[in-house]
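# Observations on the model geometry
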Amino acid sequence: MQAFFHRLLALDRRWIFLLVLISVTTPILVPIGLPVTTTSSTRNAFEYVEALKPGDLVWLSFDYGPSSAPENDPMAEAFLRQCFTKKVRVIITALYPLGGLGLANQAVAKVAAEFPEAKYGVDYINLGYKDGAAAVMRSLGQDITSAFPTDVNGRPVSEFPIMEGLRTIRQVQLVFTAATGLIGEYWITQVHAQFGTDVIIGPTAVSAPKYYAFINAGQLIGMLGGMKGAAEYEKLLAAKHEPLGKFYRSTADFTATKGMDGQTVLHGVILALIVMGNLAFFLTRGKKAGAA
Amino acid sequence: MFGRSCDFGGEKPVDTTTGGSLVSASVRLTASSLVVLTLLLCAAPAGAVAPVTTPPPPPELPAPTAFVAVDRPGDGGNAILLTWTDPAPLPEGTVLEVRRSEPPADEFGELQTVKPGAQRYVDASAEDGKTYRYELRVRGVETPDSLGIAGAVGPALVSDPVSPHDNWFRTERTNSLLAVLLFITFILTSIAAARSGKPIFIRRIAGLNAVDEAIGRATELGKKVLYIPGIQSMDEIQTIASIAILGHVARATARYGTDLDVPNKDPLTFVSAREAVHSAYLAEGRPDLYREEMVHYVTYDQFAYTAAVSAQMTREKPAAIFLVGYFFAESLILAETGQSTGAIQIAGQADPTQLPFFVATCDYTLIGEELYAASAYLSREPVLLGSMRGQDIAKAVLLAVGIIGIIAVSLGATWFVDLVRTQ
Amino acid sequence: MNADFGRVMLVVLFALIPIAGIALGMRAPALRSKIPLLVAFFAGLIPIFSMYIPKRFLSGDGGMSPRLDEWLIIVAGFALLLGITNVISNSYRKISRKERNWPYAIVLLVGLFTMGGFGIYGAVSHQGTGFLPDGSPTPFRWVETTVFQPLQSTIFALLAFFMASAAFRAFRARNTEATILLIAGAIVMIGRVPLIEFLAAPFPALQPAAASAGQFMGKATEWIMDVPNGAAQSGILIGAALGAASMAIRVILGIERGYLGLGKGE
């Protein structure tokens, strides 16, 4: 038994990698359909968007790249679906330099196809990518058209009814940023702090702990923390708007709810490894102390 | 009818105080009524007399008071601030209508409707250099109600001409400016005290004490020191701190003759790192040991950089790895790969996001402001130590204000929060 | 003071003064270290002033501070050229001296010139780097979506594996702090996912209790994230912000010079 624990302590990490691979891929191939519980930070975000009225204007920013797409894509898509269902008008931008615009185009095309009654230029518009992040946000407080004179296809924004009368970000009800890295934080420090626009953030799970400080300080309405936050939002959305449930019951497309199955199994495996590692640590340490 | 002035579409009201006018008005009115009555009697069929009804006159809507239009203070221009006092009482459903005129037309056009209670409006569509006049009036609802005040408007107040312009100071940031000036005062007085020879205590920071140990280990093993200065550019203060620490590490490697490798993700950081290392080797009098390849550029993409550096760690197995600067998702990949090679690892980051990964995988971690203290700690220059002391004084003041604020708000004195609020 | 004044001041501060300094520095070497400090002084002061002074020449559109932001992006672009030159020269050196693993240097150069070539072609031909008018991807976009994005996702996915191996090795109850870390980490890992419900799934009799336990762990997780984590994050953020402000003042005033490669007394 002692030998087993000694070998466990010196376990080659590649065995751990193999265990991780099996525990993540199996639920993707054989979905389990585990329940998702919601947290207050996600519920606050959801309720705020639910309270918006038809015709209200919101800003959706794709501030992430392909590397965190599995976490951030479901958030952005769920938010877009909710806005289109509630007939809230959406302005879409991308501020992440490497791949943000491509992901924005893909998500908008996907969700817009599900809502044929939503008209481009009237109910939503894609303003494309602009370099500079914080500098762009500062200019949004002065004049949006100076930062985004044309839409993603190169047409002047003045041609579109959705941009009529819109001068600064102060006139927008809400900014929703699906973010990785710093750009999400800039929306809080540059836009909310300077211009007062409300912000909801959808960060990657690794950045989420930092934003609790901003929530507690009242600088954030709510947060969708990583894939778990996205899964919570999907659950709230499907419960409130029954027609949208079909997007989250199908196992064909990847959704955050589906991804949570793999995460659940993985957490279990890691916890088991930690317990075994500690057992081995204490049992071998006791033996060493006895021998000394 | 007598004694009542009537407005007949542009005619002046009758002056009822003059007897002659009174008589002629009465005659005219009586004659008109007789004509109308005669026509009606002739047109109507016998036995069917339609009642003549006129809409009730709209009740008079009150006017707001104290209407002032000024350039919005403390801004960058292009905005006029309108303030007024709502009249009381206001009928239900009425709104305040703001209209604006500008040269050359000088005609008032509708600008905005404001709900009662706001008593202020900012016209952010004004342009600097133009002179505007504003008109404010109460307006009834569009749909007629039982009172018949469909679309009625009350008397209008007109403002003086006003022109927006940019100002010299953002007044809402007064508290912020005072805090900054106080902070700078603490720093400069502490530096002055340090320059005068006063000893400055700085607590032991294990990670910084281990720098020489790590370089010594690399020297003994004959392996290189790998220094990763984060993935952000030189506009990030953590990167500047990292390059300053790199200078110290480079001096040590020059002194001991240890190989140094600095892979870079950002081009500006690459240029600064190369300059810092070259200067360090010159300062130590070992220009012969300096090689251009020591500091090299890898790629701008985050994960391509991570893959390249991880592969380099696995191949070359450095003895000491420094992960100092601003890292994101790649932190755990780099640190765990470094851990697998058996190197001694010293990490440091001010942002708390990646700190848990560094704590779990590295031998020493500089947490938060310890990164910024490193330069002072390693050089022991009195001026730098003095600035650390000033920073600590500022933190103590901030803590005291926070505690007083908690007590004040708990006791209901919310004015304290408004007093120290910054923007 | 209008926008022209701001433009002229920027040119004077960041072009004329450094050029004059370089010229004077050739005669008096002691001046060479002073000019970068002077540039850092003005480059630090202008954004600070623009925070408090809303005058258009300073902080408005086309003002000194936004222009300085744009200049930084332009300077970084030129620095990127230096970086690419360094990559090419290092790779060439490895190939010419046949250093260890030199074939991979060829692979790197092929990748660099291929993607760079596609990007330049897209700019010169006005096709861009996105999609062609007929909806098909440009060569740049095709390589980006089929090679670059999957590789990026692959490296990012390594995090899951490394997190497991790091947790196995580091979450040992060696001392009090490590034990607290272990317990808090375990509670959050259980509370964030329906793990208890998953484990109780084969046992119907245990499912109600599992659901209650899962909810309790969820609430405990929320408390840990909100209270101790929120407090610690706030503390570190505030401390780091003060440290950054202090460091910034030292850099602006020229007290901190290590980032320029200057040491004590230089």
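As the structure is a prediction and not an experimental result, all values here were calculated from the model. (Residues numbered from 1 in each chain as written. Chains lettered and ligands numbered in written order. Predicted model: local features only at pLDDT ≥ 70, side-chain atom pairs only at ≥ 80, totals over all residues. Heavy atoms only, no water.)

### A word on the overall build of chain A
Along the backbone of chain A there are 12 helices and six strands. By principal-axis analysis of the C-alpha atoms, chain A measures approximately 80 × 40 × 30 Å. Taking all 292 residues of chain A together, 57% fall into the buried category. In the form shown here, chain A has an accessible surface area of approximately 11500 Å², with 60% of it arising from carbon and sulfur atoms. Across chain A, the mean location of the 26 positive side-chain charges is 9 Å away from that of the 23 negative side-chain charges. (Helix = DSSP H or I, 4+ residues; strand = E, 2+ residues; numbered from the N terminus. Buried < 20%, exposed > 50% of the residue type's maximum accessible area, 1.4 Å probe, protein only. Areas by Shrake-Rupley, 256 points an atom, 1.4 Å probe, with all protein chains shown as cover. Lys, Arg positive; Asp, Glu negative; His and termini not counted. Charge placed at Lys NZ, Arg CZ, Asp CG, Glu CD.)

### Brief notes about the sheet that holds strand S8 (residues 225-228) of chain B
Residues and elements named next belong to chain B. If you walk across this open sheet you meet the six strands as S10-S9-S8-S11-S12-S13, and the pairing is parallel. Because the sheet does not close on itself, it has two edges, and the strands there are strand S10 (295-297) and strand S13 (364-367). Neighbour to neighbour, the strand axes of the sheet diverge by 15 degrees on average, direction disregarded. By the bridge criterion, two bridges tie S8 to strand S9 (residues 260-264) in an arrangement that is parallel. Within S9, the residue paired with valine 225 across the bridge is leucine 260. Packed on one face of the sheet, helix H7 (residues 330-340) meets strand S11 (320-324) and strand S12 (344-349) and runs near 165 degrees to S12. Relative to S13, helix H9 (residues 370-379) is tilted by about 105 degrees, and along the sheet it contacts S11, S12 and S13. (Pairing = 2+ DSSP bridges. Axes fitted to C-alpha atoms, helices over the stretch in contact; angles between N-to-C directions. Contact = heavy atoms within 4.5 Å.)

### Comments concerning the interface of chain C and chain A
Each partner contributes to the interface: chain C provides 39 residues, whereas chain A provides 51 residues. Across the interface of chain C and chain A, roughly 4200 Å² is buried in total on both sides, 67% from carbon and sulfur atoms. Interface area lost by chain C to chain A is led by Phe161, Phe168 and Arg192 of chain C, which between them contribute 18%. Along the contact surface separating chain C from chain A lie one salt bridge. Between aspartate 69 of chain C and arginine 138 of chain A there is a salt bridge, with its nearest N and O atoms 2.6 Å apart. (Buried area = accessible area lost by both parts, 1.4 Å probe. Salt bridge = Lys/Arg side-chain N within 4 Å of Asp/Glu carboxyl O.)

### Some details on the nonpolar core
Grouped together as the largest cluster of nonpolar side chains are 81 residues, with contacts concentrated most on Phe62, Phe79, Val90 and Ile92 of chain A. Excluding residues that lie within four positions of it along the chain, phenylalanine 62 of chain A makes contacts with Ala76, Ile92, Thr93, Ala94, Leu95, Tyr96, Gly100, Leu103, Ala104, Ala107 and Ala178 of chain A. One finds Ala214, Val249 and Leu260 of chain B together with Leu242 of chain C within the second-largest nonpolar core, a separate group that totals 70 residues. (Core = buried A, V, L, I, M, F, W, Y, C linked by side-chain atoms within 4.5 Å.)

### Some points on unusual backbone geometry
Residue and element names in this part refer to chain C. Residues other than glycine seldom take positive phi values, yet asparagine 101 does so here, at roughly 60 degrees. Not every positive phi belongs to a glycine, and histidine 126 is a case in point at roughly 65 degrees. Relative to the assigned elements, histidine 126 resides in the loop between helix H5 (102-124) and helix H6 (139-170). In this structure histidine 126 comes out as exposed when scored by relative accessible area, which is 74%.

### What about the interface of chain C and chain B?
Interface size is often expressed as the accessible area that is lost when the parts come together. At the interface, 62 residues of chain C touch 75 residues of chain B. Interface area for chain C against chain B, summed over the two sides, is near 5500 Å², with a carbon-plus-sulfur share of 69%. Counting every contact that joins chain C to chain B gives three salt bridges. Glutamate 336 of chain B is the partner of arginine 169 of chain C in a salt bridge, and the nearest nitrogen-oxygen pair spans 2.9 Å. Inspection of the chain C/chain B interface yields 18 residue pairs in polar contact (both at pLDDT 80 or more). Among the secondary structure elements, those contributing two or more residues to the side of chain C that touches chain B are helix H2 (34-52), helix H3 (56-59), helix H4 (64-97), H6 and helix H9 (207-252) of chain C. The element that contributes the greatest number of residues to the side of chain C that touches chain B is H9 of chain C, accounting for 16 residues. Grouping the amino acids of the side of chain C that touches chain B by side-chain chemistry returns 38 nonpolar, 15 polar and nine charged. (Polar contact = N/O pair within 3.5 Å; in protein donor to acceptor, adjacent residues only side chain to side chain. Nonpolar A, V, L, I, M, F, W, Y, C, P; charged D, E, K, R; others polar.)

### Some details on the sheet that holds strand S4 (residues 109-114) of chain B
Residue and element names in this part refer to chain B. Spatial strand order, S4-S3-S6-S7: four strands in an open sheet with antiparallel pairing. Edge positions in the sheet fall to S4 and strand S7 (157-158), since each has one partner strand and no second. Pairing geometry for strand S3 (residues 95-101) and strand S6 (residues 133-139), over seven bridges, is antiparallel. For leucine 96, the partnering residue across the bridge sits in S6 and is valine 138.

### Some thoughts on the packing of aromatic side chains
Geometry of an aromatic ring pair is reported as the spacing of the ring centres plus the angle between the planes. Counted by the stated rule, this structure contains 24 aromatic pairs over all chains. Seen in terms of ring centroids, tyrosine 211 of chain A and phenylalanine 214 of chain A are 5.8 Å apart; in terms of plane orientation they differ by 35 degrees. Their pairing is tilted. Taken as a pair, tyrosine 211 of chain A and phenylalanine 214 of chain A lie in helix H9 (residues 208-216) at a separation of three residues, close to a single helical turn. Aromatic pair tyrosine 326 of chain B and phenylalanine 328 of chain B: ring centres 4.8 Å apart, planes at 15 degrees, arrangement stacked. For phenylalanine 328 of chain B, a relative accessible area of 14% gives the class buried. (Phe/Tyr/Trp six-rings, centres within 6.5 Å; stacked < 30°, edge-to-face > 60°.)

### Concerning the pairing of strand S5 (residues 198-203) of chain A
Residues and elements named next belong to chain A. Taken across its six residues, S5 has five buried, putting it largely inside the fold. The handedness of the strand S4 (residues 174-179) to S5 crossover, carried by helix H8 (residues 183-195), is right-handed. In the sheet, S5 pairs with strand S6 (residues 222-223) via two bridges, with the strands oriented parallel. Across the sheet, residue isoleucine 200 finds its bridge partner in S6, namely glycine 222. Taking the sense of rotation as the criterion, the β-α-β connection linking S5, H9 and S6 turns out right-handed. (Right-handed = clockwise from strand over helix to strand, strands pointing away.)

### Details of the pattern of salt bridges
Should their charged atoms come close, side chains of opposite charge can pair. All names here are of chain B. Tallied over the full model, the rule gives 39 salt bridges over all chains. Of the charged contacts, one joins arginine 72 and aspartate 75 as a salt bridge, the two residues approaching to 3.1 Å between their closest N and O atoms. For the salt bridge of glutamate 284 with arginine 255, the shortest nitrogen-to-oxygen distance reads 3.4 Å. Remark: arginine 255 occurs in helix H4 (residues 237-256) and glutamate 284 occurs in the loop between helix H5 (267-283) and S10; sequence separation between them is 29 residues. What makes arginine 255 partly exposed here is its relative accessible area of 43%.

### Examining the domain arrangement of chain A
Once the domains are mapped, chain A shows domain 1 (2-30 + 260-291) and domain 2 (40-254). Spacing between the C-alpha centres of domain 1 of chain A and domain 2 of chain A amounts to 39 Å. (Domains from an automatic or database assignment.)

### Considerations on the packing of helix H7 (residues 176-191) of chain C against H9 of chain C
Residue and element names in this part refer to chain C. The contact between H7 and H9 brings their axes to 8 Å, and the two run at 125 degrees. Regarding the angle of H7 to H9, the classification is oblique. Where H7 crosses over H9, the two elements pack in a sense that is left-handed. Where H7 abuts H9, its residues Ala184, Ile187, Val188, Ile190 and Gly191 lie against Met217, Gly218, Ala220, Thr221, Ile224 and Met225. Grouping the constituent residues of the contact of H7 with H9 by class yields eight nonpolar, three polar and no charged. (Parallel < 35°, antiparallel > 145°, perpendicular 65-115°, else oblique. Left-handed = near helix turned anticlockwise from the far one by under 90°.)

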